[in-house]
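# Architecture at a glance
In case you want the letters, here they are:
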Amino acid sequence: MKSMFPYALILPLTLFSTTLFAEPIPHPSQSEQQRDQFVTSLLKKMTLDEKIGQLRLISVGPDTPKSVIKQMIEKGQVGAIFNTVTRSDIRVMQDQVMQLSRLKIPLFFAYDVVHGQRTIFPIPLGLAATWDTQAVTSVGRVSALEAAQDGLNMTWAPMVDVSHEPRWGRNSEGFGEDTYLTSIMGKTMVEAMQGKDPADRNSVMTSVKHFALYGAVEGGREYNSVDMSSQQMFQHYLPPYQTALQAGSGGVMVSLNSINGVPATANHWLLTDLLRHQWHFKGITVSDHGAIKELINHGVASDPADAVRIAIKAGIDMSMSDQYYSQYLPGLVKKGAVTSAEIDNAARHVLNVKYDMGLFRDAYSHLGPVGSDPKDTNAEDRLHRQEARQVAAQSIVLLKNWHHILPLQKQGTIAVIGPLADSQRDIMGSWSAAGVAQQSITLLQGMREAVGSSATLLYAKGSNITDNSKVQAFLNLYEPAVTVDQRSPQQLRDEAVAVAKKADVVVMAVGESQGMAHEASSRTDIRIPKAQRELIDAVKATGKPLVLVLMNGRALDITQQDGQADGILETWFSGTEGGHAISDILFGDQNPSGKLPVTFPRSVGQLPLYYNHLPTGRPYDFTHPNKYTSHYFDINNSPLYPFGYGLSYTDFTLSPVTLSSPTMTGHHTLAASVMVTNSGKRAGATVVQLYLHDPVASLSRPVKELKGFQKVWLQPGQSKTVTFTIDKNALSFWNQEMKWVVEPGQFEVMIGTDSVHTQIKSFTYQ
Ligand code: BGC
């Protein structure tokens with residue numbers, strides 16, 4: 001494919017660099033030269049207004065009805081459309097371009113295909129929990145295929161915003177707290193969705209978001225500001241964006257937050273110096289919804305025209321969902337406040353991606369011939385259920401399995417309780433694209449199918465997701481997402497307790513509604529809502545064995561419930577096939593293999609809490625407690641569940657680490673190996689994780705950093721040697737002068753199946 005990064009680094013999966021180098025100035029490939037010539041000659045034919053038209057990205061909706069869009073298309077005033085998702089609707093607009101507009105520059109069509117289009121896969125946080133690039137590749141390919149078959153050319157995904165803030169609602173859309181894992185997952189998604197070429201019939205172009213640092217908004221408060229050191233930014237937050245762009249992503253969506261006082265949308269350093277000059281990105285930058293206008297609220301623009309001037313000069317090519325560029329750019333150019341070269345530059349980027357989408361060869365490339373549109377866009381045979389079930393099972397993390405309560409037997413009486421047990425909408429998660437709730441399998445449905453007639457299932461809802469009417473209203477603001485049971489909380493609980501009393505074991509589906517883990521859904525209290533906590537208390541009081549099936553889109557504080565439950569499965573929002581997949585795990589038809597991509601705190605008061613923190617001068621040692629050390633006096637320092645953690649129905653043992661040499665020099669590499677053995681009785685998979693630590697450096701370095709992982713599938717008794725290749729980049733960091741350096745000395749290699757329990761070995765770099 002024509003990479004937006006001609007010098008895309010192809011790095012081995014076991015260990016790859018998450019560094020940020022200025023790329024060498026690339027020589028354009030032959031196809032790029034052809035593209036540049038084509039675009040240059042097209043630009044020569046375009047009027048200023050037509051060029052500005054290309055910069056407008058509109059959402060079809062009440063503000064811009066189809067009749068208005070038709071007029072805009074006719075006059076060349078629109079470059080791309082989003083939120084239209086059927087071939088027939090899209091075809092009408094592309095026909096208008098080809099029949100009515102002067103230059104017949106095709107539109108491109110985009111949508112938020114974040115974790116599936118028609119078939120909904122687990123939310124991205126769940127995808128990260130698979131730690132399996134093959135699974136994520138399958139999600140990317142299926143999503144791209146379904147999106148392309150709906151006529152789409154671009155997706156606003158993947159989101160690679162690293163976040164240490166579970167209070168932030170958009171944790172659900174990203175790949176967790178770690179730079180390396182997020183980089184690998186983002187890269188995998190870009191490569192899978194774009195395929196060999198984003199122009200292909202079954203591929204779409206990606207637009208990586210939200211550039212940049214959106215996951216670090218202060219206090220997890222949505223749309224807030226970010227103030228961060230350069231080291232932190234370059235070491236931990238920027239690599240996933242750069243990696244996704246190096247993988248060839250054609251687009252970048254710019255974030256809504258400010259960075260060290262300058263909103264990303266106004267940030268020339270970010271969008272031009274870094275993105276264009278250092279990273280040589282040639283695709284498009286798109287502002288997020290209404291972001292240009294918001295420059296006034298940020299206090300950096302005096303009026304709309306000023307906001308437009310600042311945004312285009314900073315490097316925003318397309319303005320999303322507002323009329324600002326078309327309204328103000330012509331006047332700004334006339335006045336000389338914006339140059340025609342700046343307009344040409346932005347328009348060139350838009351035309352570049354249209355060229356790479358193959359639209360100038362065939363404006364209907366993703367639409368096919370007239371008459372080929374699906375009769376029923378929601379037809380069952382357009383779904384990919386098998387793939388969804390497989391990936392969802394892999395995303396589930398077994399957090400607790402007291403006395404091997406799991407897997408359950410398909411016998412006796414099982415009570416299924418909880419407001420999420422039979423919610424088709426919630427199991428899909430937020431940003432569920434064109435997914436249809438009625439097509440998703442709930443936990444109750446999945447369990448019913450799994451047990452058939454061999455066990456009795458009893459069901460009670462038990463509570464509403466929340467009894468807080470303000471939160472209910474918030475969740476139902478834009479769609480009737482939460483149905484409120486009018487029975488009193490006591491009536492609901494009584495019914496659940498009665499059901500529990502009749503059962504041998506209770507399975508409770510509890511957590512958040514999908515709308516609680518979404519854009520604009522920050523929380524200060526990350527516990528399971530009170531109504532459900534009270535339900536758990538009541539059911540627990542029956543003394544029945546209790547398995548919690550958590551559905552949620554962020555790390556939660558489940559400290560209290562952890563003490564109550566015998567078994568806990570973290571299932572995220574697992575998608576169209578979620579109910580089948582969770583049942584597969586509950587009954588042992590599949591062995592859980594997911595690992596946490598985020599740290600689970602004991603309390604919201606511990607936040608931010610993440611595994612790769614810096615050491616302190618006064619570390620707390622719980623074996624020798626000392627008052628004047630770094631800790632809270634009312635809670636343990638450690639998380640409830642650490643990053644990388646997850647159990648299995650079998651056991652895995654790791655041999656000590658062996659190194660290919662006690663020393664590593666210059667650009668040579670070092671191999672670190674462990675033998676992993678399935679020492680239990682079932683086939684299963686675990687994730688072998690490599691962490692590195694630089695104990696003495698010119699800057700404090702994190703206590704450990706993930707630098708490699710491999711998911712390993714083993715039969716009972718089977719062993720496999722897992723080898724990681726460590727190179728100089730893996731040891732390097734941004735020093736005080738912002739130079740990418742490796743400092744000679746001792747390094748620690750830690751290998752384990754989570755971030756805490758590791759085998760350690762040291763070597764010297766010289
Ligand atoms: C979100 C983006 C999304 C866009 C288009 C915005 O509100 O922040 O992530 O891609 O809407 O739907």
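Residues numbered from 1 in each chain as written. Predicted model: local features only at pLDDT ≥ 70, side-chain atom pairs only at ≥ 80, totals over all residues. Heavy atoms only, no water.

### Quick word on the overall build of the protein
For clarity, the threshold we go by: Each helix is a run of H or I in the DSSP string that is no shorter than four residues. Each strand is a run of E no shorter than two, and both are numbered from the N terminus. Radius of gyration here is computed from C-alpha atoms only, and the compact-globule reference equals 2.2 Å multiplied by the residue count raised to the power 0.38. Summary of the burial criterion: residues with accessible area below 20% of their type's maximum are buried, those above 50% are exposed, and those between are partly exposed, where the area comes from a 1.4 Å probe applied to protein chains only.
A tally of helices and strands in the protein yields 23 helices and 28 strands. A globule of 766 residues ought to have a C-alpha radius of gyration of about 27 Å, and the protein, at 26 Å, matches this closely. In terms of overall dimensions, the protein has a C-alpha envelope of 75 × 65 × 45 Å along the principal axes. Each of the 766 residues in the protein was classed as buried or not, and the buried ones make up 61%.

### Side note on the layout of surface pockets
How we decide: Cavity means a closed set of points on a 1 Å grid over the protein atoms alone, one where a 1.4 Å probe fits but cannot get out, pocket means an open set with protein on both sides within 12 Å along at least 5 of 7 lines, and lining means a residue has an atom within 4 Å of a point. Grid points are joined across faces, edges and corners, and a volume is the space filled by probe spheres set on the points. All amino acids are sorted into three groups, where Ala, Val, Leu, Ile, Met, Phe, Trp, Tyr, Cys and Pro are nonpolar, Asp, Glu, Lys and Arg are charged, and the leftover types, Gly among them, are polar. Residue ranges assigned to the domains are those given by an automatic or database domain assignment.
What the largest pocket holds in volume is close to 1400 Å³. Around the largest pocket sit 45 residues that line it, and N83, H289, W431, Y478 and E519 are the ones nearest its centre. For the lining of the largest pocket, the secondary structure elements donating two or more residues are β1 (56-59), β5 (205-211) and α18 (469-475). Among the elements that take part in the lining of the largest pocket, β1 stands out by supplying 3 residues, more than any other. For the lining of the largest pocket, the per-class residue count stands at 18 nonpolar, 15 polar and 12 charged. Looking at the lining of the largest pocket, you find at least three residues from each of domain 1 (46-356) and domain 2 (393-597). Lining the second largest pocket we find 29 residues, and of these L609, H613, N637, S638 and P639 sit closest to its centre. Tallied by class, the residues present in the lining of the second largest pocket amount to 15 nonpolar, 11 polar and 3 charged.

### Observations concerning the site of the ligand
What counts here: In this text, near means that some heavy atom of the residue lies within 4 Å of the molecule or strand in question. In protein, a polar contact means a hydrogen-donor-capable atom and an acceptor-capable atom, both N or O and within 3.5 Å, with residues adjacent in sequence counting only if both atoms are side-chain atoms; elsewhere, any N or O pair within 3.5 Å suffices. Note that accessible areas follow from Shrake-Rupley with a 1.4 Å probe, and for residues the cover is restricted to the protein chains shown.
Close contacts around the ligand come from F82, D112, W156, R170, K209, H210, M253, D288, H289, M320, W431 and E519, and that covers them all. Between the ligand and the protein, one listed contact pairs an oxygen atom with a side-chain N or O atom of H210 at 2.7 Å. Within the contact set of the ligand, an oxygen atom lies 2.5 Å away from a side-chain nitrogen or oxygen of D288. Look at the ligand: alone it shows 310 Å² of surface, and the protein chains cover 92% of it. Looking at the shell around the ligand residue by residue, the classes come out as 5 nonpolar, 2 polar and 5 charged.

### A look at unusual backbone geometry
Geometrically, the link from K209 to H210 is a cis peptide bond, its omega value of -5° lying close to zero. Considering the arrangement of structural elements, one finds H210 in strand β5. With omega at -5°, the peptide bond leading from L406 into P407 counts as cis. In the Ramachandran plot, N260 falls in the positive-phi region, its phi being about 45° despite a non-glycine side chain. With respect to the element layout, N260 can be found in the loop between β8 (258-259) and β9 (262-263). Positive phi, normally seen in glycine, also occurs at W431, with a value near 50°. Its place among the elements puts W431 in the loop between α16 (424-428) and α17 (443-451).

### Describing helix α13 (residues 324-335)
For the α-helix, the turn length of 3.6 residues means that residues three or four positions removed from each other point alike. Inclusion rule: Take the number of residues in a helix, subtract one, and multiply by 1.5 Å to get its expected span. Here, the arc refers to the directions that run from the helix axis to the C-beta atoms. Note on contacts: a residue pair is in contact if any heavy atoms of the two residues lie within 4.5 Å.
With 12 residues, α13 extends 16 Å from end C-alpha to end C-alpha; this agrees with the ideal 16 Å at 1.5 Å per step. For α13, every residue scored as buried is listed here: Y324, Y325, L329, L332 and V333. Around the axis of α13, the buried residues are gathered within 105° of arc, so they sit on the same side. Opposite its buried face, α13 presents the exposed residues K334 and K335, each directed more than 90 degrees away. Lining the buried residues of α13 we find α2 (48-54), α12 (304-314), β11 (319-320) and α14 (340-356).

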